[in-house]
Each structure stands twice: as C-alpha cells, then as structure tokens.
Amino acid sequence: MSHHLFLLSPSDTPLYNLTHYSSKPSQSTSSPLASNLPSWSTSAFAGTLTALSGASSATQTQHGQGGTVKIGAGQDRHVIQMIANASLDAIEEVMRKDSVMYLKSVDKFNEWTVSAFVTPGNMKFVLLHESRNDDGIKAFFSDVWELYVKTMLNPFHTAHTPIRSAVFDSRVRASAKKYL
Amino acid sequence: MASTSKQYKAVGEDLWKGRTEKINAELFALTYGALVVQLIQDYEDYAEVNKQLEKMGYNIGTRLIEDFLARSSLGRCADFREVGEVVAKVGFKSFLNITPNVTHGAQPVASSPTRTSMPPPQVNAPGSTFMLQFDENPLAEFVELPEEALEGGLWFSNVLCGVIRGALEMVQMQVQAAFVSDVLRGDETTEIRVTLTKYLEEEVPVGDD
C-alpha cells in the first residue's frame, strides 16, 4: 500500500515529492528527493494538465512538451503524476468555495484517492493513496506543514524552490511512517 | 570582595528580567539569517564573510560594553578568569538570555629563564584562554547550512566573536575570539575560544604632554 506525496508551490511548481510504502519498514529508493525533479517531470506536468482538462484556472506558463501519457492504472510514475495533476483542478475548485486547509479527498481515479491540504501561503500538499485514512492523513499533513514552515525559516532556503534538505526529507519520512 | 559564580548568575538574571525592550526571537533569527545570506551573496567568499561578520561584531561590541557596564555596575575584573565568568554569566545572559558554559585554560608554559620549575598557571597573563560552550544559539534557529557553506568554512555566528573582541578591547584587553566548533557544521558542540593577547595600556589623550 503506497502513498505519493507532492508539495506544490502556488504556481504549481513541484517542490518535493515522496513515495512511501507503508507495508515495508524501509523506504523506497524511488527518488524521493526533489533533485529528481528534472525538467522532464515539469514538462510532464504541463503536458498532462493541458491535455487532460480545458480548465481555464490552470494557467500554466511552462512550455512543456506534451508528455506521453499512458492511460491505465498502476504504479507507473507518469500515471501517478498525471493523477496528481488532474486533481489540481478539483483542488482549486474546492479552494474557491471553502477556505479550510485540509480538503479531504478531492478526487478519485480508479483505485487512487487524492487528498489535498492547502496552506495559508497557497502551497498545495497533494497525497495519492489507495486506502481511507482520514485521521492519519490529516495528522500527516499537519506534520508536513510544520516541517515545511521550519524549512521556509531557514535563511538559506529560497521560497518556492525545490526542497533539497536532507533533514526535511528524513523527518517527512518519519512522519509518514508514523501516520500512514 | 570576590564575587562567586552564583552572584554573577543572579546579576545576569536580574539584568535580563529588568530589560523592558525585548525582541521576538524568531524575528531576530530571521534578521540575522537574512544578513548572513546577503553577505554571502555579496562577497561570495566564505572566509571574507567570516571576516565581515567579525568586523560587524567588533563594532557592536565596542558600543555594547558601555550599555553593559552602565546597567550592571560591575567593577573591574580581578583576572582573566573572572572576565570569562562575567562574559558568560552576565554578558550573554543579559543580552541573549543564554548562559554558555565556561571552561578556563591556563596559559601556555612561559619559557622564562629565571624560573626553574613550572610556574603556576597565571590566569592573568597573556595567553590565558577560556572556552565558551553554547547549548543553544538563538542566532541559528532553523538554520541548515548548504553544502557550499560547509565546504567554504562558514562560521554562521561569527558576529559573536567580534562582539567579544570589541567589548573587551574597550576595557583594555586585547583578545582573539574564534569558533572552535559549531553544531551547524555537524560538530558535537558549539564553542568559542577566547585568548588574551595582551593588556592595553591606558592611552594618553591626544594633546597632553
């Protein structure tokens, strides 16, 4: 049972992502650090988002190549990101109506549910998960929010840039282990 | 009248409590952090940044000592050992509300030809040192040094060394203060070593014969 976490800036730039398998104690090596966000993934975001929806709210200014979108459920990385992206529209819709931070599950795609959390600074935390775990996920989001705020307070961190801190990474993983 | 370390602690505590203008710790840490980051961007050389921080601290220290002496109304310290105690327990306490641990080091062996036996540690002589060990550092809350800063040898809180040097120079002591270790760099402790270089003679005011 795996979870995928994405931290997105207000302009929907991916700043951090994490894949967490809660069955195994050891973390996956599937590149959780933000250094794994090369230009292809950003372009995949742009490509899939514009391909999927005619949503006018998503004003992506990134000029990405149309990423090859594989339709179908599964653990494929492209699909995961596609799902996360597709949920952004739903998130923004809910954001406009309600002004709560924890938006429970905003979207569903085959077996994946997408939960979102929007911080007061308009950072979006998107979590893809298979099972229901509202309380755990809420606690996890709060934890991630706290860790994110502490990272932002680091003078050496520039706002809205990918988060590469190892301390942040290890703490998010520990929190994921605890709550998910 | 030798003041004990407990008395110094009490004085420090009183001074801290007596201050009406305190500042939010987060704001302070953020301001200092922004300052360091800006210096790094301007100078792009970590050794130079260290030097600038120390210089800034020196300027602060020369002014700070007046405020400190006025409020604390402490007299002249008997020896360098006492200086260390006062700096740690009263100085740092009243300005930053932290009390670093002080450990005193004796001077290196003097190669004086007139003595045949090892002279007892003269705590008043040039070469005396004391170490300040910090459990907490309000300047460095939330700070994580990036790789380049670690490799470049940045001492994030180097301003403190300058403050110590500047303040003590105004009371006729020339010292060298430098960081020995820093938890931001991955070391176990954060420590500053202060070494007495010499006592400064009273300067004759310009114009006198």
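What counts as what
Residues numbered from 1 in each chain as written. Chains lettered and ligands numbered in written order. Predicted model: local features only at pLDDT ≥ 70, side-chain atom pairs only at ≥ 80, totals over all residues. Heavy atoms only, no water. Helix = DSSP H or I, 4+ residues; strand = E, 2+ residues; numbered from the N terminus. Buried < 20%, exposed > 50% of the residue type's maximum accessible area, 1.4 Å probe, protein only. Contact = heavy atoms within 4.5 Å. Areas by Shrake-Rupley, 256 points an atom, 1.4 Å probe, with all protein chains shown as cover. Pairing = 2+ DSSP bridges. Phe/Tyr/Trp six-rings, centres within 6.5 Å; stacked < 30°, edge-to-face > 60°. Lys NZ or Arg CZ within 6 Å of the ring centre and 35° of its normal. Axes fitted to C-alpha atoms, helices over the stretch in contact; angles between N-to-C directions. Parallel < 35°, antiparallel > 145°, perpendicular 65-115°, else oblique. Left-handed = near helix turned anticlockwise from the far one by under 90°. Lys, Arg positive; Asp, Glu negative; His and termini not counted. Salt bridge = Lys/Arg side-chain N within 4 Å of Asp/Glu carboxyl O. Buried area = accessible area lost by both parts, 1.4 Å probe. Nonpolar A, V, L, I, M, F, W, Y, C, P; charged D, E, K, R; others polar.

Caption draft 1: Broad picture of the overall build of chain A. For chain A, the count of helices and strands is 4 helices and 5 strands. Taken from the N to the C terminus, the helices and strands of chain A come in the order β-β-α-α-β-β-β-α-α. Taking all 180 residues of chain A together, 47% fall into the buried category. Pairs at least 24 residues apart make up 57% of the contacts formed inside chain A by residues separated by at least 6 positions. With an accessible surface of roughly 8,500 Å², chain A has 55% of that area assigned to carbon and sulfur atoms.

Caption draft 2: Summary view of the pairing of strand S4 (residues 190-199) of chain B. Residues and elements named next belong to chain B. Pairing of strand S2 (residues 129-134) with S4, which is carried by 6 bridges, proceeds in the antiparallel orientation. Among the inter-strand pairings, leucine 132 is bridged to a residue of S4, identified as isoleucine 192. The pairing of strand S3 (residues 173-181) with S4 spans 8 bridges and is classified as antiparallel. Bridge pairing in S4 places alanine 178 opposite arginine 193.

Caption draft 3: Spatial organisation of the packing of aromatic side chains. For the structure on display, the rule yields 14 aromatic pairs over all chains. Centre to centre, the rings of A:Phe125 and A:Phe141 are 6.4 Å apart; their planes meet at 35 degrees, and the pair counts as tilted. One end of the pair, A:Phe125, is in strand S5 (residues 124-129); the other, A:Phe141, is in helix H3 (residues 134-153), and 16 residues separate them in sequence. As far as the burial class goes, A:Phe125 and A:Phe141 line up, both buried. Plain terms: the ring middles of B:Phe68 and B:Phe95 are 6.3 Å apart, the flat faces sit at 45 degrees to each other, and that makes the pair tilted. With B:Phe68 in helix H3 (residues 46-72) and B:Phe95 in helix H4 (residues 80-96), this pair connects stretches of sequence that are 27 residues apart. These aromatic residues form a ring-pair network of at least three members: A:Tyr102, A:Phe117, A:Phe125, A:Phe140, A:Phe141, A:Trp145 and A:Tyr148. Over the aromatic face of B:Trp16 sits the side chain of B:Lys22, whose NZ or CZ is 4.9 Å from the ring centroid. Stacked on the ring of B:Trp155, the Lys or Arg B:Arg185 has its end atom at 3.7 Å from the ring centre.

Caption draft 4: Layout of the packing of helix H2 (residues 25-43) of chain B against H3(B). Residue and element names in this part refer to chain B. Axis separation between H2 and H3 bottoms out at 9 Å; the angle between their running directions is 135 degrees. By the criterion of interaxial angle, the relationship of H2 to H3 is oblique. The chirality of how H2 crosses H3 is right-handed. Residues Tyr32, Leu35, Val36, Leu39, Ile40 and Tyr43 of H2 touch H3, and the partners they reach there are Tyr46, Glu48, Val49, Gln52, Leu53 and Met56.

Caption draft 5: Summary view of the side chain of B:Glu82. Residue and element names in this part refer to chain B. Tracing the backbone through its elements, the reader meets glutamate 82 in helix H4. Buried glutamate 82, no salt bridge; nearest opposite-charge side chain is arginine 81, N-O distance 8.6 Å. When residues no more than four places from it in sequence are discounted, the contact partners of glutamate 82 are Tyr8 and Cys77.

Caption draft 6: Expanded view of the interface of chain A and chain B. Each partner contributes to the interface: chain A provides 7 residues, whereas chain B provides 14 residues. Of the roughly 870 Å² buried at the junction of chain A and chain B (both faces included), carbon and sulfur atoms supply 74%. Area buried by chain A at its contact with chain B is led by A:Leu153, A:Pro155 and A:Phe156, which between them contribute 71% of it. Taken together, the links from chain A to chain B amount to 0 salt bridges. Considering only residue class, the side of chain A that touches chain B consists of 4 nonpolar, 2 polar and 1 charged.

Caption draft 7: Here's a closer look at the sheet that holds strand S4 (residues 112-118) of chain A. Residue and element names in this part refer to chain A. With antiparallel pairing, the 5 strands of this open sheet are ordered in space as S2-S1-S5-S4-S3. What marks the edges here is a single partner per strand, and that holds for strand S2 (14-21) and strand S3 (102-109). Shown here is a sheet whose adjacent strand axes are inclined to one another by a mean of 20 degrees, direction ignored. In terms of strand pairing, strand S1 (residues 2-8) meets S5 through 6 bridges, oriented antiparallel. If you follow histidine 4 over to S5, its bridge partner there is leucine 128.

Caption draft 8: Seen up close, the pattern of salt bridges. Overall, the coordinates contain 11 salt bridges over all chains when judged by the stated rule. Here A:Asp134 and A:Arg132 are joined by a salt bridge, their closest N and O atoms 3.0 Å apart. A salt bridge links B:Glu13 to B:Lys93; the nearest nitrogen and oxygen atoms lie 3.3 Å apart. Of this pair, B:Glu13 sits in helix H1 (residues 5-18) while B:Lys93 sits in helix H4, and the two are 80 residues apart along the sequence. The class of B:Glu13 is partly exposed, set by a relative accessible area of 28%.

Any functional reading would require information that these geometric values do not contain.
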